[in-house]
Amino acid sequence: MVWGTFTLTHLLSLVLGAAITIGLYFALKHRTQKTQIIVLGILSFAGIAAIIYNLVAWDSPLEYLPFHLCSLNAMLLPIVVFTRNKHLGNLLMLWSLGALAALILNTSVAAAEITSWVFVFYYFPHVLEFGIPLILFKLKLIQLDRKCIWSTTAITFGAYIVIHFINVAINSYCVANNVLDWAGNVVQVNYMFSIFHDYNPLLMLFYNLIPHEFWYMLLCIPVVIVYLVCLYYAYDIYKLIRYGKNGERRKQK
């Protein structure tokens, strides 16, 4: 059965992904902190396994280097689980959205059979890359802190700048040395979409406003800041409703 995009199979897979995340949370909710960290730590390596699979399976390593947001998330996730670093944990609340977007906008693997290794190494790592950061905060292994808005924005923008120059360097190297992909075309990479929007609807809008590589993605900065502000204020409201002004949990009537 082909996965498809916005087919019944695809929509059911999104529901399953939510069920996996919720089920994992409740399975760990009453376990010891040590058990929670061990289980989430083991699962957090799924993304790294997917990176290795893609580097080996497609025989075109330059096109599958871990420089997309999901891959950065995958490499950072085990560190966050085992160290519970506040700044990196809050960073994942942004970066994990890349995994969610990859599950919803799955056009690159929509033709894959759901019984294939391509599907397995795409679907399950992305589900965990999105779900585990949420579980970490829900289990209070990491605390949301609005002071991390600026570190999250700065780290993300810094990573984007570095990866753009990596894109430029790889593309120049491939043109100069006639490095070809499986279809016989010169390899051209677009990590973090710094070169082109790749027909992502939101990025297409940004590109229409600023039709220049690298610069058009700067329009993501206000979107990121608005998202983070809404996230932290929503969390503050949740705490106020649940615990009251004095931070004490309200008794249920």
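Criteria and thresholds
- Residues numbered from 1 in each chain as written.
- Predicted model: local features only at pLDDT ≥ 70, side-chain atom pairs only at ≥ 80, totals over all residues.
- Heavy atoms only, no water.
- Helix = DSSP H or I, 4+ residues; strand = E, 2+ residues; numbered from the N terminus.
- Expected span 1.5 Å × (residues − 1).
- Contact = heavy atoms within 4.5 Å.
- Axes fitted to C-alpha atoms, helices over the stretch in contact; angles between N-to-C directions.
- Parallel < 35°, antiparallel > 145°, perpendicular 65-115°, else oblique.
- Left-handed = near helix turned anticlockwise from the far one by under 90°.
- Nonpolar A, V, L, I, M, F, W, Y, C, P; charged D, E, K, R; others polar.
- 1 Å grid on protein atoms, 1.4 Å probe; cavity = no way out; pocket = protein on both sides within 12 Å on 5 of 7 lines; lining within 4 Å.
- Points joined across faces, edges and corners; volume = space filled by probe spheres on them.
- Core = buried A, V, L, I, M, F, W, Y, C linked by side-chain atoms within 4.5 Å.
- Buried < 20%, exposed > 50% of the residue type's maximum accessible area, 1.4 Å probe, protein only.

**What about helix H3 (residues 46-57)?**
Moving on, step 1. Given a rise of 1.5 Å per residue, 12 residues ought to cover 16 Å, and the 16 Å separating the end C-alpha atoms of H3 matches this to within 8%.
Moving on, step 2. Tucked into the core, H3 has its buried residues touching helix H4 (69-83) and helix H6 (117-138).
Moving on, step 3. Positive backbone phi, approximately 55 degrees, marks Asp 59, located one or two places after H3.

**Looking at the packing of helix H1 (residues 8-28) against H6**
Moving on, step 1. With their axes 9 Å apart at the nearest point, H1 and H6 run at an angle of 40 degrees to one another. When the axis of H1 is compared with that of H6, the two are oblique. For H1 against H6, the interelement crossing comes out right-handed. For the pair H1 and H6, the contacting residues are Ser 13, Leu 16, Gly 17, Ile 20, Thr 21, Leu 24 and Tyr 25 in the first and Tyr 123, Phe 124, Val 127, Leu 128, Gly 131, Ile 135 and Lys 138 in the second.
Moving on, step 2. Of the residues assigned to the contact of H1 with H6, the class counts are 9 nonpolar, 4 polar and 1 charged.

**Let's talk about the layout of surface pockets**
Moving on, step 1. The volume enclosed by the second largest pocket comes to roughly 520 Å³.
Moving on, step 2. Looking at the second largest pocket, it is lined by 22 residues, and the ones nearest its centre are Leu 134, Phe 137, Lys 138, Tyr 235 and Tyr 238.
Moving on, step 3. Looking at the lining of the second largest pocket, the elements that each hand over two or more residues are H1, H6 and helix H9 (220-243).
Moving on, step 4. Top contributing element to the lining of the second largest pocket by residue count: H9, with 7 residues.
Moving on, step 5. Looking at the lining of the second largest pocket, its residues break down into 14 nonpolar, 2 polar and 6 charged.

**With respect to the environment of Ser 13**
Moving on, step 1. Looking at the secondary structure, you find Ser 13 in helix H1.
Moving on, step 2. Separated by 23 residues in the primary sequence, Ser 13 and Gln 36 place their C-alpha atoms 25 Å from one another.
Moving on, step 3. Those residues in contact with Ser 13 that lie beyond four places of it in its chain are Trp 3 and Tyr 123.

**So, the nonpolar core**
Moving on, step 1. By size, the foremost hydrophobic cluster in this structure holds 46 residues, and its most contacted members are Leu 40, Val 81, Trp 95, Ile 132, Leu 136, Leu 139 and Leu 144.
Moving on, step 2. For this core, the elements supplying multiple residues, two or more each, are H1, helix H2 (33-43), H4, helix H5 (86-104), H6, helix H7 (149-177), helix H8 (201-209) and H9.
Moving on, step 3. Contacts of Leu 136, omitting those with residues within four sequence positions, involve Leu 40, Val 80, Val 81, Leu 141 and Ile 142.

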